[in-house]
Every structure is written in C-alpha cells, then in structure tokens.
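Descriptive analysis of the structure
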Amino acid sequence: MSTRDRKTLHSELKYCIPGDITLGGLFPIHARGPHGVNCGELKKEKGIHRMEAMLYALDQINSDPELLPNITLGARILDTCSRDTYALEQSLTFVQALIQKDTSDIRCSNGEPPIIRKPERVVGVIGASASSVSIMVANILRLFEIPQVSYASTAPELSDNNRYDYFSRVVPPDSYQAQAMLDIVKAMGWNYVSTLASEGNYGESGVDAFMQISREAGGVCIAQSVKIPREPTAGEFDKIIKRLMETSNARGVIIFANEDDINRLAGVGIDLKRSCKVKPTQSYSEVIPAGSPALCCFPLKWRCHMWPHGDELLKVTRPVCLAGSAGTSVLFNENGDAPGRYDIFQFQMTNHSHPGYHVIGQWTNNLRINVRRMQWSGGDRSVPESICSFPCNPGERKKMVKGVPCCWHCELCDGYQYQLDEFNCETCPSDMRPVPNRTACRPTPIIKLEWNSPWALVPASLAMLGILATSAVVITFIRFNDTPIVRASGRELSYVLLTGIFLIYLITFLMIAEPGVVVCAFRRLLLGLGMAITYSAMLTKTNRIYRIFEQGKRSVTPPKFISPTSQLVITFILVCVQVLGVFVWFGVVPPHTIIDYDELRPPNPDLARGILKCDMSDLSIICCLSYSIVLMVTCTVYAVKSRGVPETFNEAKPIGFTMYTTCIVWLAFVPIFFGTAQSTEKLFIQTATLTVSMSLSASVSLGMLYMPKVYVIVFHPEQNVQKRKRSFKAVVQAATLSQKSPSDKQNGETRIEPDRTQ
C-alpha cells in the first residue's frame, strides 16, 4: 500500500483498496462488544496485525512486475467484531455484485432508466478468524461459488468438503491441534484433565475432537467439561475456575477458546506456526476508534478485465505448493486443510526477566518439547501432576472407579494373596506364601520338631529317666530273679509289663525323630503297642485276682487259667489284637510322610510354615490308642472290684492305685491335646502332651508296682525271705476273714499270712 493510500485510509476510516481484481477480507479488528453493542475494544495482534499482513502481501504482489503483470489486486476488508451474526451481515456485501436485480419497470423522472452502480465484485475472501464466523460466511459464499481461505479457523467440521467445498485454510484443523494437545498431556505425564471450551463451533468442536482421540488412544480421562458462555457475565470466569478446582487432582486444563476468553486464562498454549513478523510503518490502531466497525472504501475506478470464475480459482489454489516468505511451505490437502504445524507456548508470569509467552516446543505430526525451558507458578520447574489416581504400590491391585478408566482405588492383596496383574490378586498355592511385597509367591519353609526345642527336650528327658529307671528295675529283677519277692510278683508277667513300660518310654524318641517311612511305620506300631502290652498284663493280673477270690466264695476249687503260662497266653492274645489292627492299617494306608501346610497357616503369611510329619491325624492317633484305653478302663474296673483283697496278699491295691492315677493323667491329656488344635504350635504341643502323658502313665506303673519291691530287694534284703505256703483253701479262708469287720474278730485272733507265690 502506498503512503497516499495509507493517509486516505486513516482519514476516511475506509478499508477498501481499488484494483483490477478485488479480494475480500474478514478480520476481527474489534473484540466482541458488551450486551447491546456489536463491537468492543481494538484487537491488535489477532485483528490489526493480521489485516496488515494481508495488506503487506498485496503490496508485495502489486509491486512485483513478474507475478501479475498489468494487473493490480484490490481489497475490500470488513470488521467481524468477533461476532458471527454481525460478520454474516457484513459479508453480504461480498455477493451483492452477483445478485441480478430487475430494474425494467424503474424509470427516472426524465424517462431514462436509472444508473445503478454495482459494488465491485469479490473473486475470493481471506478470512475469517473465528471458526463460528467462517462457518456462517462459508454457507453464503459457496452459494455464489466464491472461494474462501481462512488464516485462523480450525474447527474440524470445516474439513467437510461436501458442505464447505469452497473453503480452504492455511492452518490445520483442530483434529491436529487436539492430537498435539494429547501429545503434550502425555509428555507431561498427565492422565486426568478437564476441558474448557468457548461456546460455539471452535470451542465445542475442539473439545469433542480432543475427547474422541483421547478415548481412542486411551490413557487420558476427562474430569469435567466446562463451557464459557457466548456472553459471559461479570464473575463468570471466577465461577468457572472454582468449578475446575472442584476436581483438584485434574490440574491440567485443555482449553479451546477464542482470544477474548483465553486472555483471561494463562498456561501452556498452542498457536499456529508463525510464518512472518509484521512490522508496519504506521499502526492502524491509531486511527480506528474503539467500538466502531472498520468499513468503507476508496473511490473505485471501474475497469474491464477478465473476472476469474470461482471454480477456476479454486482449481488453481487447491493444488498450490510453495514456500512462504519465512521458508514454511504453503499447501492444502483434498479437503482444503493445511498440514499440522504448531508452536508450543507457555505463559510464564513469574519469569522476571521476560514475563509472558515463551516458545517451549513445536509439533509437526509429532511433538518436540523442551521441558527444561518450562517454568511454573513460583518459578518451579518441576511439572505439576494432573493424575486422578497415583500408581498403586507393589502388592496392591487397582479397583477401578466405574466409568472413569483413569481413576482407581488401591487395594492391598491381603492374607495369602499376591498381585497377579494390575487389576487382580490371586491366592498363592497351598505350599507357597507371598513375598513381602506381594508381587509373587515363594515356597513356604518346612519345619519339624527339632531335638533342641523345649517341646522335645522335656519329653525326651523324662523318657530317658524312665528308660534308665526301667532298665534298673529289669536288671534288679534279673539279678534277684529267684528271690521270694521277684517270684511273688509273678516274674513272667512282670517282665512282659516292664517291656511294655520300656516301649512306652521309647515311643517318645520316635515321636521326636525326623519323619520318614521307617520312623512313621514304627510310630504306628509302637505308639499303641507299649500301652497295649502294659495294660494287657495288668488286666490279666487283676482279672486273675478277681477270679480267684470270686471263685473262693463259691468253691474251694481254684479257677481255670491262673497259671503263669495261661497268663502269658491271655496277655499275648490281648496284645495281638493291637498288632493285628496296626498291620491292617499298614495294608490300607502304607506309612508315609506328608508336609502339612494347613496346620500352621496363620493370618500373617510370614509366620506360615509347612510341617513335615507322618500321615497320622489326630483321629488316627486316638484310634491307635483307643484299644489301650479300653484295656486301661477294663483294668480299672477289675481293680475296683478287687479293692477288698488284703494288701498283704497280692498287687491288687497297687494296681488299683496305678490305674486310678493313670486315668487321671489321660483325662487331663484329652482337653490339652484337642484344645491346642488352633494353636500355631499345635504339632509341638500335641507331641509334647502325648509323650509326657505316656511317660507319666509309664512312670506311675513303674513307681507303684516295682519301685517298692526294688527298694526292699536292695535296701532290706532281710525281708526278702520265703513265707510259709498255704493251700488254696487256707488262702480263701484268710481272704474271707480279712473282709469281715474288726468287731467280728476275736481278741488275740491269729492273723494268717497268705501264700504270695500263686
């Protein structure tokens, strides 16, 4: 533009430049006015600077004799005032020259037809800025086949070549911008953001595009979507900010808004790739009053030339591919869209040296961003977090919030569970437990009763003392085998009984020993065998005594099977029942070891242990001892029945005291054994309880039946002498007399000494 033209423009406030071919222009010279007013404040950068860029381009073209020789380009520029309805009214002047009016019935006063001056014809339109304005104008221009090229409208719907076939733009659509924004969000490490859109095509379409591609790409969720009204009232932006702050985790906000709205907000922004920097010789803002539309024309001198048709002009512009003045290529795709090229800006308010917008990166199909150049509130250079939920710790699973795939609650895999994957916990196999961070399973340690454990030392010590005492008794009896006391005690059954007591003590060491097939087999065999031998012998003795004195009440003939041989046979038969049962058990379930992972599996998996043990359950142990318990109870019954026998006659009363005490021991054993079923040391407690109870019962039998005899044999040998033998009849008579009351006895009655060699 010449200096004369600029002065004329400034003085007449008209944006109309004459030329052989006229181009239309739509620029937001003014901002949107308040209620009831079309236009508001001047817009320098987005309005005046862009208009000056067009005028500068026209000057360059017209001054170049090689581009359009003998043809001058003119311009008719309209102010849209950033309002779509006002811009639509203004743009009707572009098509007036193409509207044919019938003036055949109109005559002047002199009878001549009127001379109607048509406005200059516009062959193409540059603009508009806002997408909502471009959409309205494009619907009018396409009816008259006038091509339109926008420099800033980015709404995705303008890419619809069926509806907007005469529309092109040198900026990429918002679908690219939305992709660029999504790439920035991911580069920041954000996954939970809010969206803010100016009401209208640009804002709403941009947000829709961002939401669509974020859903397709995944990994980003929308906390809330907020719209800025077309006519925001006072305090509207404060309400919007408060609403955005309701979702405090969503610190990132994706904004698709017009310039007037965006000026009230700051942050990271995306702008079109700059292709030039305009430095006008004189600012048009000095001569355009605020609040008035910038429209008027220079006097136009009509010229004939060839007017290019809209279709022809569109065919020329669409395939164009050339380098701009800044070296950036200018080209369109089949929909009239430019390729995606953006500069990434950040508004750095706290940058004391250069406050304002700073370029921090570019996007051209892919993102290139310099995070080190970013600066946040307070000068902080660390990227703020905009995450709905932070990653779960190892061993925690994600419990998703319904409808929001980026939000979840972290739940610890508890008990014996481990983290199978991001969303599931799985229970470890029975022989395993979770590692401390619950990301995998590890083998459960296997334990057994150790010899150095208190649960083993105490029973083993008692059993060892019992074995030594039993051995001492056996040695004493063997040494004094033919003495009266040994013979009177029933040598054959005594040795059998002592063998049983020895086996009872011996089972303690098998119960503590490391389980194996051999150990388990001997456990089954000896656990009940020692007690069966002991109580079979005692039962045979008490039964013999009972039968002798019961028979004596009825007859002087001795009962059958009271000889030593008979007693051994009876005892052997009773013991065989126990042995037969054990061998049947061997045949049905061969002895083997197991690792019990359920017995010691407390709530805290760190304390879980697998216990190596024989395949003997609590029930099988009781069954193995049940026969011995039956013998014990039966023996106790006979002991009770024989309680009236003189204590100097035989062992009936010591056996009775032995059985009473043994019953008390085993009655105490049952609640202790089964009461520890839920204890974490069940195996150890039960093993100790069982072995101690067996050792105590053996010690009772040994102490009450044989220790007094050993004491007499060792320390009072003078009492170990032969007594005068009596017949069976005399023995029965003596027993009968002993059962009478003391009042029935005569003073000075001679006491009969029984024969104890039966």
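Residues numbered from 1 in each chain as written. Predicted model: local features only at pLDDT ≥ 70, side-chain atom pairs only at ≥ 80, totals over all residues. Heavy atoms only, no water.

**Re the sheet that holds strand β9 (residues 192-198)**
In a beta sheet, neighbouring strands pair by backbone hydrogen bonds and run either parallel or antiparallel. Across the sheet, which stays open at both edges, the three strands sit in the order β10-β9-β11 with parallel pairing between neighbours. Only two strands of the sheet have a single partner each, and these edge strands are β10 (221-228) and β11 (252-256). This sheet shows a mean twist of 20° between the axes of neighbouring strands, independent of strand direction. In this sheet, β10 lies alongside β9 in parallel orientation, the contact comprising six bridges. Within the sheet, the bridge partner assigned to serine 198 lies in β10 and is isoleucine 228. In this fold helix α5 (residues 174-187) packs onto β9 and β11, with an angle of close to 170° to the strand it touches most, β11. (Pairing = 2+ DSSP bridges. Helix = DSSP H or I, 4+ residues; strand = E, 2+ residues; numbered from the N terminus. Axes fitted to C-alpha atoms, helices over the stretch in contact; angles between N-to-C directions. Contact = heavy atoms within 4.5 Å.)

**A few points about a nonpolar patch on the surface**
Nonpolar side chains collect at one region of the surface, where Val458, Leu462, Met464, Leu465 and Leu468 lie side by side and expose about 460 Å² of accessible area between them. By relative accessible area, which is 48% here, valine 458 ends up partly exposed. (Patch = residues over 30% accessible without salt bridge, like charges linked within 9 Å, V, L, I, M, F, W, Y side chains within 5 Å. Areas by Shrake-Rupley, 256 points an atom, 1.4 Å probe, with all protein chains shown as cover. Salt bridge = Lys/Arg side-chain N within 4 Å of Asp/Glu carboxyl O. Buried < 20%, exposed > 50% of the residue type's maximum accessible area, 1.4 Å probe, protein only.)

**Describing the state of the cysteines**
Enumeration over the complete set of coordinates arrives at seven disulfides. Paired by a disulfide, cysteine 428 and cysteine 441 hold their sulfur atoms 2.0 Å apart. Handedness here is read from the sign of the S-S torsion; for cysteine 428 and cysteine 441, about -90°, the answer is left-handed. Here cysteine 428, found in the loop between β21 (425-427) and β22 (432-434), pairs with cysteine 441, found in strand β23 (residues 441-443); they are 13 residues apart in sequence, far enough to count as distant. A residue is classified by how much of its surface remains accessible, and cysteine 428, at 4% relative accessible area, is buried. Summary of cysteine pairing: cysteine 624 is not part of a disulfide, and the nearest cysteine sulfur, belonging to cysteine 623, is at 8.7 Å. (Disulfide = S-S within 2.5 Å.)

**Describing the nonpolar core**
Within soluble globular proteins, side chains that are nonpolar generally end up buried alongside one another. One finds Leu527, Met531, Tyr535, Trp666, Leu690, Met694 and Tyr706 to be the most contacted residues of the largest nonpolar core, which totals 65 residues. The element best represented in this core is helix α13 (residues 517-554), accounting for 13 residues. Apart from the residues within four sequence positions on either side, tyrosine 535 is in contact with Ser628, Leu631, Met632, Met659, Thr662, Trp666 and Ser697. In this structure, Met188, Tyr202, Val207 and Ile254 belong to the second largest nonpolar core, which totals 25 residues. (Core = buried A, V, L, I, M, F, W, Y, C linked by side-chain atoms within 4.5 Å.)

**With respect to the sheet that holds strand β6 (residues 122-126)**
Spatially, β1-β5-β2-β6-β7-β8 is the arrangement adopted by the six strands of the open sheet, whose pairing is mixed. Taken across any chain shown, the strands that pair with only one partner, and hence form the sheet edges, are β1 (16-17) and β8 (167-169). Bridge count between β6 and strand β7 (residues 148-150): two bridges; the pairing is parallel. Within β7, the position partnered with isoleucine 126 by the bridge is valine 149. Helix α2 (residues 44-62) rests against β1, β2 (21-27), β5 (73-79) and β6 of the sheet, and its axis sits at about 170° to β5.

**Some thoughts on the pairing of strand β18 (residues 396-401)**
Of the pairings in the sheet, the one linking β18 to strand β19 (residues 404-412) comprises six bridges and is antiparallel in character. Across the sheet, residue methionine 400 finds its bridge partner in β19, namely tryptophan 408. Hairpin connection from β18 to β19: two residues lie between these consecutive antiparallel strands, with glycine 403 at a positive phi of about 85°.

**Quick word on the UniProt feature "transmembrane region" (unreviewed entry) in the protein**
UniProt marks residues 455-481, 493-513, 567-588, 619-640, 652-674 and 694-716 with the feature "transmembrane region" (unreviewed entry), using the numbering shown here. Counted over residues 619-640, helix gives 100% and strand 0%. Its end C-alpha atoms are 30 Å apart. From the first C-alpha to the last, residues 694-716 spans 31 Å; its make-up is 91% helix and 0% strand. (UniProt positions renumbered as here; feature names shortened; annotations may be inferred.)

**Some thoughts on the packing of aromatic side chains**
On inspection of all chains with the given rule, the structure shows ten aromatic pairs. On the basis of an interplanar angle of 50° and a centroid distance of 5.9 Å, the ring pair of tyrosine 342 and tryptophan 363 is categorised as tilted. Of this pair, tyrosine 342 sits in strand β15 (residues 342-348) while tryptophan 363 sits in strand β16 (residues 356-363), placing them 21 residues apart in sequence. No difference in accessibility class separates tyrosine 342 from tryptophan 363, as the two residues are buried. Judged by centre distance (5.5 Å) and plane angle (75°), the ring pair of phenylalanine 477 and tyrosine 706 falls under edge-to-face. Residue phenylalanine 477 is located in helix α10 (residues 454-479), and its partner tyrosine 706 is located in the loop between α17 (682-705) and α18 (707-715); the two are separated by 229 residues in the primary sequence. You can call tyrosine 706 buried: its relative accessible area is 0%. (Phe/Tyr/Trp six-rings, centres within 6.5 Å; stacked < 30°, edge-to-face > 60°.)

**Describing the pairing of strand β26 (residues 609-614)**
β26 sits mainly inside the fold: five of its six residues count as buried. The pairing of strand β24 (residues 446-447) with β26 spans two bridges and is classified as parallel. Of the residues in β26, the one forming a bridge with isoleucine 446 is glycine 610. Pairing of strand β25 (residues 593-600) with β26 involves five bridges; the strand directions are antiparallel. Within β26, the residue paired with isoleucine 594 across the bridge is lysine 613.

**Observations regarding the pattern of salt bridges**
Pairing is possible between side chains of opposite charge, provided their charged atoms come close. Under the defined criterion, the tally for this structure stands at 15 salt bridges. For aspartate 337, the salt bridge goes to arginine 169, with nearest N and O atoms at 2.7 Å. In this pair, aspartate 337 is assigned in the loop between β14 (329-331) and β15 and arginine 169 in strand β8, connecting sequence segments 168 residues apart. Aspartate 337 gets classed as buried once you look at its relative accessible area, which sits at 4%. For lysine 398, the salt bridge goes to glutamate 422, with nearest N and O atoms at 2.2 Å. With a gap of 24 residues between them, lysine 398 in strand β18 and glutamate 422 in the loop between β20 (417-419) and β21 connect regions that are remote in the sequence. Members of the salt-bridge network, linked through shared partners, are Arg397, Lys399 and Glu411.

**Some points on the packing of helix α3 (residues 84-91) against helix α4 (residues 131-141)**
At a closest axis distance of 9 Å, the pairing of α3 and α4 adopts a crossing angle of 30°. Taken together, α3 and α4 sit at an angle that is classed as roughly parallel. Here the hand of the crossing between α3 and α4 comes out right-handed. Each of Asp84, Thr85, Ala87, Leu88 and Ser91 in α3 lies in contact with α4, whose residues at this interface are Ser132, Val133, Met136, Val137 and Ile140. For the contact of α3 with α4, the class distribution of residues is six nonpolar, three polar and one charged. (Parallel < 35°, antiparallel > 145°, perpendicular 65-115°, else oblique. Left-handed = near helix turned anticlockwise from the far one by under 90°. Nonpolar A, V, L, I, M, F, W, Y, C, P; charged D, E, K, R; others polar.)

**Thoughts on α17**
Its 24 residues place the ends of α17 34 Å apart at the C-alpha level, agreeing with the 34 Å of an ideal helix rising 1.5 Å per residue. Burial of α17 is extensive: 19 of the 24 residues sit out of reach of the surface. (Expected span 1.5 Å × (residues − 1).)

**Looking at the packing of helix α12 (residues 491-512) against α17**
Contact geometry for α12 and α17: axes closest at 9 Å, N-to-C directions at 160°. The angle between α12 and α17 falls in the class roughly antiparallel. The two elements α12 and α17 cross, and the hand of that crossing is left-handed. In this structure, α12 uses Leu497, Leu498, Ile501, Ile504, Tyr505, Ile507, Thr508 and Met511 to contact α17, whose residues at the interface are Thr687, Leu690, Thr691, Met694, Ser695, Ala698, Ser699, Ser701, Leu702 and Leu705. Taken together, the residues of the contact of α12 with α17 sort by class into twelve nonpolar, six polar and no charged.

**Description of unusual backbone geometry**
Note the cis peptide between glycine 127 and alanine 128, where omega equals 5°. By secondary structure assignment, the location of alanine 128 is in the loop between β6 and α4. One non-glycine residue with positive phi stands out, namely cysteine 81, at about 55°. Locating cysteine 81 in the fold gives a position in the loop between β5 and α3.

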